[in-house]
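# Chain and residue survey
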Amino acid sequence: MVPPLALDIDGTLTTRSDQIDPRVFEVLPAWEAPIVVATGKSFPYPVALCHFLGIPEQVVAENGGVVCADGQVSFQGDRDRAEQAIEAFRDRGGDLGWDAADTTNRWRESELAAHIDADEELLRAVAEEFGLEVIDTGYAYHLKTPGVEKGDGLAAVADILGLDAGSFVAIGDSENDVSLFGAAGDSYAVGNADKRAKAAAETVIDGEYFDGTLGVLESLQAEA
């Protein structure tokens, strides 16, 4: 039997150009074990991905701020405090870096995110004042409540599914995957992963982006 999976999206299921790799739509629907999509993206994104893959909506979104499985949704984190911090950030000249539509934050329930080109030093200073933390995923700076983590989200989904989080294999690429790696029984950092993810993973693979993820999945299938 293949193991259940906990999979990040950006940098893990994507190509170098930050698009979902088309092979995802062949491989994941055929996986014969539960899949949890664990991401820093806002809640609608992983839900939509599950929908179009035709797999159950088993999701950890917003770095653990939103958990969804078996028709149940729960929320952690203090978006109101994040909004207050962002207001202070803007008052001091900070710019989140998004356009007027701001589809990055429009549907967020538990945190807010700034473009990777935003003023990191100012954002971190404001976050500290408001008792928040900043996570750099390599794609955005996430302003979040301390203690809200992907790993806790995986444990919550696993509990809903009647599984042990330690039975999961996790694959990811950035510092927000460190807790995910800690909760899962086995973990892989793809070749494009940052230093913290590589240090936390059981195995660092050479393959990058979905090429690396696919190599892990093929190995897991061969061992099953």
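The name an unreviewed UniProt entry assigns to the protein chain is Phosphoglycolate phosphatase, from the organism Halonotius aquaticus. Taken from UniProt, the Catalytic activity (unreviewed entry) comment for the protein chain reads in full: "2-phosphoglycolate + H2O = glycolate + phosphate". The Function (unreviewed entry) field of the UniProt record for the protein chain holds the comment "Catalyzes the dephosphorylation of 2-phosphoglycolate."

### Quick word on the pairing of strand β8 (residues 140-144)
Of all five residues in β8, five are buried; the element is thus mostly enclosed. On β8, burial covers both faces: Ala140, His142 and Lys144 on one face and Tyr141 and Leu143 on the other are all buried. Sheet analysis places strand β6 (residues 112-115) next to β8, joined by four bridges and oriented antiparallel. Each residue of the ladder has a partner; that of Ala113, found in β8, is His142. By the bridge criterion, four bridges tie strand β7 (residues 133-136) to β8 in an arrangement that is antiparallel. Within β8, the residue paired with Val134 across the bridge is Leu143. Counted along the chain from β7 to the antiparallel partner β8, the turn is three residues long, and its residue Gly138 has a positive phi close to 90 degrees.

### Description of the domain arrangement of the protein chain
According to the domain assignment, the protein chain contains domain 1 (5-75 + 148-223) and domain 2 (79-144). For domain 1 and domain 2, the distance between their C-alpha centroids amounts to 24 Å. Listed as interface residues are 21 residues of domain 1 and, on the opposing side, 14 residues of domain 2. Counting across the interface, domain 1 meets domain 2 through one salt bridge. Put simply, domain 1 and domain 2 have nine residue pairs in polar contact (both at pLDDT 80 or more) between them. Looking at the side of domain 1 that touches domain 2, its residues break down into six nonpolar, seven polar and eight charged.

### So, the UniProt feature "binding site: substrate" (unreviewed entry) in the protein chain
When the UniProt feature table is mapped to this numbering, "binding site: substrate" (unreviewed entry) covers Lys150. Take Lys150: it is sitting in helix α5 (residues 150-161). Judged by its relative accessible area of 0%, Lys150 falls in the buried class.

### Some remarks on the pattern of salt bridges
This structure, assessed with the given rule, holds 14 salt bridges. Between Glu208 and Arg16 there is a salt bridge; the shortest N-O distance is 2.7 Å. Taken together, the positions of Glu208 in the loop between β11 (203-204) and α8 (209-223) and Arg16 in the loop between β1 (5-7) and α1 (24-27) put the pair 192 residues apart, joining distant regions of the chain. With relative accessibility at 61%, the residue Arg16 sits in the exposed group. Of the charged contacts in the structure, one is a salt bridge between Arg108 and Glu111, with a shortest N-O distance of 2.7 Å. One exposure class covers both Arg108 and Glu111, and it is buried. Overlapping salt bridges bring together Asp8, Lys150 and Asp177 as one network.

### Considering the packing of helix α3 (residues 79-91) against helix α4 (residues 120-129)
The geometry of α3 relative to α4 is characterised by a closest axis approach of 9 Å and an angle of 135 degrees between their N-to-C directions. Put simply, α3 runs oblique to α4. Taken as a pair, α3 and α4 cross one another with a handedness that is right-handed. For the pair α3 and α4, contact is made by Ala85, Ile86, Ala88 and Phe89 and by Leu122, Leu123 and Val126, respectively. For the contact of α3 with α4, the per-class residue count stands at seven nonpolar, no polar and no charged.

Criteria and thresholds
Residues numbered from 1 in each chain as written. Predicted model: local features only at pLDDT ≥ 70, side-chain atom pairs only at ≥ 80, totals over all residues. Heavy atoms only, no water. UniProt positions renumbered as here; feature names shortened; annotations may be inferred. Buried < 20%, exposed > 50% of the residue type's maximum accessible area, 1.4 Å probe, protein only. Helix = DSSP H or I, 4+ residues; strand = E, 2+ residues; numbered from the N terminus. Pairing = 2+ DSSP bridges. Domains from an automatic or database assignment. Contact = heavy atoms within 4.5 Å. Salt bridge = Lys/Arg side-chain N within 4 Å of Asp/Glu carboxyl O. Polar contact = N/O pair within 3.5 Å; in protein donor to acceptor, adjacent residues only side chain to side chain. Nonpolar A, V, L, I, M, F, W, Y, C, P; charged D, E, K, R; others polar. Axes fitted to C-alpha atoms, helices over the stretch in contact; angles between N-to-C directions. Parallel < 35°, antiparallel > 145°, perpendicular 65-115°, else oblique. Left-handed = near helix turned anticlockwise from the far one by under 90°.

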